[in-house]
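Architecture and fold: a report
Listed below are the residues making up each chain.
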Amino acid sequence: MNAQTPPALSILGGLADLAQHYDGYIVDLWGTVHDGLRPYDGAVACLRALRNADKHVVLLSNAPRPAHVVASQLEGFGVTSDLYDGIMTSGEETHRLLRERTDPWFARLGQTMLHIGGTYDQELYDDLGLRRVTSAREAEFVINTGPDLDRGVGSLDPYLPELQSCLARGLPMICANPDKVVVKGGVSQICAGALAASYAEQGGDVCWIGKPDPRVYEPVLGLSLIH
């Protein structure tokens, strides 16, 4: 992956200062390529310059959605498929783990789930044969993809009663986005990681899927796109 070793402790003026040193790049999305509403100035041009320089680019995101859903969203930002080799998301990895059930933590989960999150995240699980319920009393585990628009994205308070109900039942929680806070269009809002951190602090069993957990990088390298 290293073409040349960059100088140690160098101060970088931008990705252009790194381009000659590496053959491949793993690039984050939210906060790096876009702000949730639009691409950052120069981001699309930067990706295009990397591709024109024959660099491999894989996009890695903590979005709790399958990769194809994120790819469609990126099209709307002008980040077209020719600008990268592949996409990996925490949602994609979560979907795989739920589908295969070979990981011991996932193997013990049932088929009845409570979803904490917005309707826009439902493609994470809608083809897995899971039964979705609306109360902790009926659930066997929780999928946490973050706050929903109805209860708001500014505070944990509206979610605490539901989290307490899940704790009382001892439900294991999948956190499909470890980010605690995100800035959308310049406005800070909580993410799934904030809910999961509160749950874990009170003794809840949480499985975190996404950066910085090393296992989310394994499928990126397994794409065999970076040599």
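Residues numbered from 1 in each chain as written. Predicted model: local features only at pLDDT ≥ 70, side-chain atom pairs only at ≥ 80, totals over all residues. Heavy atoms only, no water.

Looking at the element boundaries, Lys-211 is found in the loop between β10 (206-208) and α7 (218-222). When its relative accessible area of 16% is taken as the criterion, Lys-211 is described as buried. Polar contacts involving the side chain of Lys-211 include one to the side chain of Asp-28, which spans 3.4 Å. The contacts of Lys-211, once residues within four sequence positions are left out, are Asp-28, Leu-60, Ser-61, Asn-62, Pro-178, Val-216 and Tyr-217. (Helix = DSSP H or I, 4+ residues; strand = E, 2+ residues; numbered from the N terminus. Buried < 20%, exposed > 50% of the residue type's maximum accessible area, 1.4 Å probe, protein only. Polar contact = N/O pair within 3.5 Å; in protein donor to acceptor, adjacent residues only side chain to side chain. Contact = heavy atoms within 4.5 Å.)

This paragraph deals with the sheet that holds β10. One open sheet holds the 5 strands; their spatial order is β5-β4-β6-β7-β10, and the pairing between them is parallel. Each edge of the sheet is formed by a strand with only one pairing partner; in this case those strands are β5 (131-133) and β10. Pairs of neighbouring strands in the sheet enclose a mean axial angle of 30°, with direction left out of account. Across the face of the sheet, helix α6 (residues 192-201) comes into contact with β4 (112-116), β6 (141-144), β7 (173-175) and β10 while running at roughly 145° to β10. (Pairing = 2+ DSSP bridges. Axes fitted to C-alpha atoms, helices over the stretch in contact; angles between N-to-C directions.)

Now for helix α1 (residues 43-52). Since one α-helical turn is 3.6 residues long, residues separated by three or four positions face the same way. Looking at α1, one finds that the buried residues are Ala-43, Leu-47 and Leu-50. Along the axis of α1, the buried positions cluster into a sector of 60°, meaning they face one direction only. In α1, the exposed residues that point more than 90 degrees away from the buried face are Ala-45 and Asn-52. The inward-facing, buried residues of α1 contact β1 (24-27) and β2 (56-61). At the exit of α1 stands Asp-54, carrying a positive phi of roughly 65°. (Arc of directions from axis to C-beta.)

The grouping of Ile-26, Tyr-217 and Leu-221 at the surface amounts to a nonpolar patch, some 250 Å² of accessible area in total. As for its placement among the helices and strands, Ile-26 is situated in strand β1. Ile-26 gets classed as partly exposed once you look at its relative accessible area, which sits at 32%. (Patch = residues over 30% accessible without salt bridge, like charges linked within 9 Å, V, L, I, M, F, W, Y side chains within 5 Å. Areas by Shrake-Rupley, 256 points an atom, 1.4 Å probe, with all protein chains shown as cover. Salt bridge = Lys/Arg side-chain N within 4 Å of Asp/Glu carboxyl O.)

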